[in-house]
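The lines below spell out each chain.
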Amino acid sequence: MKLKAELLDENAIRRSLVRISHEIIEKNKGVEDVVLVGIKRRGYPLAQRISDQIKKIEGVTVPVGMVDITLYRDDLIENSEMPSVASNDIGIKIKGKTVIIVDDVLFTCRTARAAIDAIMDYERPSSIQLAVLIDRGHKELPIRADYVGKNIPTSKSEIVAVRINEIDDEESVKIFEK
């Protein structure tokens with residue numbers, strides 16, 4: 001793969017998450033009954049960062065859970081590895097709450113759909129919203145993010161790579177050509 005461009009650096013990622021945090025507070029008229037659910041791997045640490053920002057702004061800790069969508073993916077047959085069965089426990093109570101799903105990249109929307117399915121199997125929230133660091137287009141389902149760090153039009157042959165310190169020991173969003 002060939003590096004095409006660095007789209008966001010550490011400061012740009014931080015600013016995007018601060019803005020998303022403010023938008024969450026504004027849209028929900030505060031954060032009472034709001035919980036964040038990060039999609040396993042990079043969505044979870046991003047959800048924790050948003051919770052930290054909201055605490056700085058509002059003085060309230062928003063609970064953060066994690067959802068593993070492995071068994072909810074619609075492309076399991078295409079994958080060569082069999083998934084391991086993981087607990088469906090999100091780690092927080094979401095019944096009757098406004099759940100904000102957090103992920104790094106919105107592409108086809110299939111991951112977001114799988115997260116919604118997993119959440120609905122766990123408990124019934126009052127509503128579900130979606131926050132993503134990057135929306136790159138190419139939706140295959142009628143799902144849109146309520147909160148977007150950056151819209152980045154891409155071709156299907158490009159790869160958007162989000163790297164965060166908690167997992168990758170690096171903080172960046174880069175675009176690569178296949």
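Residues numbered from 1 in each chain as written. Predicted model: local features only at pLDDT ≥ 70, side-chain atom pairs only at ≥ 80, totals over all residues. Heavy atoms only, no water.

Undergrad: Mind laying out the pairing of strand β3 (residues 64-67), listing which residues take part and the relevant values?
TA: Bridge analysis of strand β2 (residues 34-39) against β3 gives four bridges, and the strand direction is parallel. Its bridge partner lying in β3, L36 is registered against V64. (Pairing = 2+ DSSP bridges. Helix = DSSP H or I, 4+ residues; strand = E, 2+ residues; numbered from the N terminus.)

Undergrad: Describe the environment of V173, with residues and values.
TA: Take V173: it is sitting in strand β8 (residues 172-177). For V173, a relative accessible area of 0% puts it in the buried group. Here the alpha-carbon distance between V173 and G38, two residues 135 residues apart in the chain, equals 18 Å. Look past the residues within four positions of V173 in its chain and what remains in contact with it is A5, E6, L7, L8, I13, L133, I134, V160, A161 and V162. (Buried < 20%, exposed > 50% of the residue type's maximum accessible area, 1.4 Å probe, protein only. Contact = heavy atoms within 4.5 Å.)

Undergrad: I'd love a proper account of the sheet that holds strand β1 (residues 2-8), names of residues and values included.
TA: The sheet built from three strands is open, its strands ordered β1-β8-β7 with antiparallel pairing. Pairing within the sheet leaves two strands with one partner each, and these edge strands are β1 and β7 (158-163). With strand direction ignored, the average angle separating the axes of adjacent strands in the sheet is 25°. By the bridge criterion, five bridges tie β1 to β8 in an arrangement that is antiparallel. Among the inter-strand pairings, K2 is bridged to a residue of β8, identified as E177. (Axes fitted to C-alpha atoms, helices over the stretch in contact; angles between N-to-C directions.)

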